[in-house]
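So you can see what is in the structure, the chains are spelled out below.
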Amino acid sequence: MFSKRALLGTAAAIAVATGGPSVSWGQDAEDTTVLDPIVVTKEAPEDAGTAPVGGYVAAQTTAGSKTDTPVEEIPQSVTVIGREEMDDRAVQKVDEALRYVAGVTAQPFGPDSDTNWMFIRGFQATASGAYLDGLQTYSYGFGGFFTDSFTLERVEVLKGAASVLYGGSNAGGLVNYVSKRPTGERLRYLELGINDAGTAYTGLDIGDRVNDEYAYRITGRVAGGDGYSDFTDDGFRGTLSPSIEWTPNDDTSVTFLSNFTFIDEKHNGGGFLPYIGTVVDAPFGRIDPDANYNEPDIDTYLRRQYHLGYELEHRLEDVTLRQNFRYGYSKLHEVSVYPYGYNSFSLTPTAPDYLLSRINFEHETEVHSVTVDNQAEKKIDTGPVEHTLLGGVDYKFFNMDQVQKSGSATTISASNPVYGAAQGARSAYLDQNIKMHQVGLYAQDQLRFGGGWVTTLNGRYDYVSIDTDANPAVTGSGNRSYSRTDGEWSGRAGLAYAFASGLTPYTSVSTFFNPVLGASAETPVFEPETGQQYEVGLKYAPDGFDGLFTVALFDLTRQNVTTGPSGSEIQIGEVNSTGIELEARVDLTENLKATAAFSALDLEITKDKDASIIGNSPYIIPDRQASASLDYTLNEGTDGLFGGVLDGVVVGGGVRYTGSSWADNENTAKVPSATVYDARLGYGRDDWGLYLSATNLLDKTYVASCQTQYSCSYAEGRRILLKFHMNM
């Protein structure tokens, strides 16, 4: 079967070849009718950067440019995961969608039900590297937002320094969640699912066009049931995302986007577990991955959050103006009695009961955030050079009230836990209000010339103001009032050449800037992180089928890293990340899709308060990662061996390899590598489908990572999901 690109290319060639006078069959020459030439071109839709992805290969993206740009022309590595791929992988959380992406470490702390954890090029992107529709969903401490994967159309990963476009951002890159939005077409989609632990869900996605001006879409999911760990109760999880598109005329459009999320559940898993008993045997063997050392009677996780915003676009004669706005609110209450080392906070288990020490913790956190991005885009020609100019001003406001409490906690046996002991009263040691304002002014010029050259130039200046007020009645080492203002430039220069064959080599250099909240006894207020990245790569988009092959080599340095014991941190730290990433995403036919990825990373601590660890590798991050997947839908037709009965049978699977990582920055203990397999089997027709998916098919028990030998986390075991969907 021909790919979309091949089919369009053939049609265009035929049209051009027959563009001259044509003779109508059955007519004499003197009756010849001269027709206008027909030229067929492949035009991307106006909203290509947010549109559904057909198959596994996205043609365009806004990540890395803020304008609709072919993925090949972005002078950094970019991966786009569309809705179809997420459905094929039975993705239930956003971080699950990143398992097959080169350069990304997803779920390093196992299947955490309330947070989407991800590291990009060795640096944690969960807090400052998560974006929703191009606007940051910043988090600090326990103050942040949760995004449900069912509400998303695509997940985009921009690797490497990106603050030149987005302001303060994670050094290793960012993940942009793109919401489902009105398409103007009638949509009546129902999805039902249940896993082998007993958690069930119902998802609904409906939309339509009301009239020439209005279209709507409502997406939502509710879930509940038992979890995989002992006493884990997923309780109730609900999310609802209504959206409306208003197009009063051909030049103006407004899309109103909103989300409401409510989660009431108990924590999953054993939490932070010691190295001995998870990675290596304790005298009693290994800690059961399904064990839960919390106190089920007092364990609490209650989240209420909502987002309200819009995307406005207005086209003048030669300028396109945009304003993207979102207000976010989140309120979270948690109570957890979690393990931290063995008795007396030791790393060594002691017979006969092998008691685990526990921390009795509670927090109440409330967040208000405002983000707005104003843009102006203009295309001009200066002689042989075509320019796509972008200028903008964005503003971010983050306001968090947090109260953290702790109390005495009883120990619990790692091998024979008994629950129900009374825990000590919790009292506050941290009571703060944090406000952060950030204003950024940025400009970009994409220059195209010489038949294939693409140059991208960016500049940005950010001004950040941080003000923190602590309750003086609360005593605690972290309960401080502080304020700081900073201004910083960042930039990027990229050069690429798009050959007619589909090869696009590129190179880029960029700097980044990321504000850091916090203070310590030795540092009155933390300075922003800074750094730079150098990247060279090659992207190949073949004409014969839909595919994208990428190779990237990078050298990334993160400076002003906070180091030292809690309460006395200083900012002399520096970490260097160098590596190579290879990735392939192909739609060989409409029924056969495949991905492959490999990344090798060399992380090195180049400066630190503790001189003994300079030259070592930081914990958590594996040195190698690799994956491959294949998804095939049978389409034999009525003339096939079985007369078309098997049409719609789906078979798919994948393999994921995670290399070894260090359990501590001293590099004295390692977490071994692991390989797991995923599988999918199903049957689908135009209007319905039934699928059975299994992740970690062989139920391999292994540790995902450790952040010191006190805090190791099991990776997700086997999960089987039965899913049914229908279009009504």
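Scroll up to find the structure this text is about.
Thresholds applied
Residues numbered from 1 in each chain as written. Predicted model: local features only at pLDDT ≥ 70, side-chain atom pairs only at ≥ 80, totals over all residues. Heavy atoms only, no water. Helix = DSSP H or I, 4+ residues; strand = E, 2+ residues; numbered from the N terminus. Rg over C-alpha atoms; globule rule 2.2 N^0.38 Å. Buried < 20%, exposed > 50% of the residue type's maximum accessible area, 1.4 Å probe, protein only. Contact = heavy atoms within 4.5 Å. Areas by Shrake-Rupley, 256 points an atom, 1.4 Å probe, with all protein chains shown as cover. Lys, Arg positive; Asp, Glu negative; His and termini not counted. Charge placed at Lys NZ, Arg CZ, Asp CG, Glu CD. Pairing = 2+ DSSP bridges. Patch = residues over 30% accessible without salt bridge, like charges linked within 9 Å, V, L, I, M, F, W, Y side chains within 5 Å. Salt bridge = Lys/Arg side-chain N within 4 Å of Asp/Glu carboxyl O. Polar contact = N/O pair within 3.5 Å; in protein donor to acceptor, adjacent residues only side chain to side chain. Disulfide = S-S within 2.5 Å.

**Student:** I'd love a proper account of the overall build of the chain, names of residues and values included.
**Tutor:** Along the chain, the regular secondary structure elements total three helices and 37 strands. The globule rule puts the C-alpha radius of gyration for 728 residues at 27 Å, and the 27 Å found for the chain is close to it. The C-alpha extent of the chain, read off along each of the three principal axes, is 105 × 65 × 50 Å. Counting all 728 residues of the chain, 54% fall into the buried class. Intrachain contacts of the chain at a sequence separation of at least 6 include 66% that bridge at least 24 residues. As displayed, the chain has an accessible area near 30000 Å², and 58% of this comes from carbon and sulfur atoms. Averaging the positions of the 54 positive and the 95 negative side-chain charges in the chain gives two centres separated by 3 Å.

**Student:** Lay out the sheet that holds strand 3 (residues 78-82) in plain terms, naming residues and giving numbers.
**Tutor:** Strand-to-strand pairing in sheets goes through backbone hydrogen bonds, with the strands running parallel or antiparallel. Pairing within the open sheet is mixed, and its five strands lie in the order 3-9-10-7-8. Each end of this open sheet is capped by a strand with a single partner; those strands are strand 3 and strand 8 (135-136). Two elements, strand 7 (residues 130-132) and strand 8, share two bridges in a ladder whose sense is antiparallel. Residue pairing for strand 8: L132 is matched across the bridge by L135.

**Student:** I'd like a description of the sheet that holds strand 6 (residues 123-124), backed by residues and values.
**Tutor:** Spatially, 4-5-6 is the arrangement adopted by the three strands of the open sheet, whose pairing is antiparallel. Because the sheet does not close on itself, it has two edges, and the strands there are strand 4 (104-106) and strand 6. Across two bridges, the pairing between strand 5 (residues 118-120) and strand 6 is antiparallel. Residue pairing in the sheet places I120 in a bridge with F123 of strand 6.

**Student:** Could you give an account of a nonpolar patch on the surface, naming the residues involved and the relevant values?
**Tutor:** Side chains of V393, V439, L441, Y461, Y463 and W489 sit close together on the surface and give an oily, nonpolar patch of about 600 Å² of accessible area. Looking at the nonpolar patch, the elements that each hand over two or more residues are strand 21 (427-449) and strand 22 (453-470). Relative to the assigned elements, W489 resides in strand 23 (residues 482-497).

**Student:** Can you break down the side chain of T252 residue by residue, with the values?
**Tutor:** Along the chain, the position of T252 falls in strand 15 (residues 252-265). Reaching out from T252, the side chain makes a polar contact with the side chain of H314 at a distance of 2.6 Å. Non-local contacts of T252, meaning those with residues more than four positions away in its chain, are made with W246, T247, L312, E313 and H314.

**Student:** Would you mind going over unusual backbone geometry in detail, with residue names and values included?
**Tutor:** For residues besides glycine, phi is generally negative; the peptide bonds are generally trans as well. With omega at 5 degrees, the peptide bond leading from A351 into P352 counts as cis. Residue position: P352 is located in the loop between strand 17 (319-342) and strand 18 (355-382). With a phi close to 50 degrees, R121 is a non-glycine residue in the positive phi region. Turning to its location among the elements, R121 is positioned in the loop between strand 5 and strand 6. Judged by its relative accessible area of 1%, R121 falls in the buried class. The phi dihedral of N667 falls on the positive side, at around 60 degrees, and the residue is not glycine.

**Student:** Give me the state of the cysteines: which residues, what numbers.
**Tutor:** Any covalent bond linking the sulfur atoms of two cysteines counts as a disulfide. Following the criterion strictly, the structure yields one disulfide and no others. Each sulfur of the disulfide joining C706 and C712 lies 2.0 Å from the other. Linking C706 and C712, the disulfide has an S-S dihedral of approximately 110 degrees and is accordingly described as right-handed. Taking relative accessible area as the criterion, C706 reaches 0% and is therefore assigned buried.

**Student:** Please provide a residue-by-residue account of a negative patch on the surface, values included.
**Tutor:** Together, D230, D288, D290 and D699 make up a region of like negative charge exposed at the surface. Residue classification places D290 among the partly exposed positions, given a relative accessible area of 35%.

**Student:** Talk me through the pattern of salt bridges; I want residue IDs and the actual numbers.
**Tutor:** Summed over the entire model, instances satisfying the criterion amount to 39 salt bridges. For R237, the salt bridge is made with E265, and the minimal N-O distance between the two is 2.7 Å. Separated by 28 residues along the polypeptide, R237 in strand 14 (residues 236-249) and E265 in strand 15 bring together distant segments of the chain. Like E265, R237 is buried. R585 is the partner of E583 in a salt bridge, and the nearest nitrogen-oxygen pair spans 3.9 Å. Like E583, the residue R585 is buried in the burial classification.

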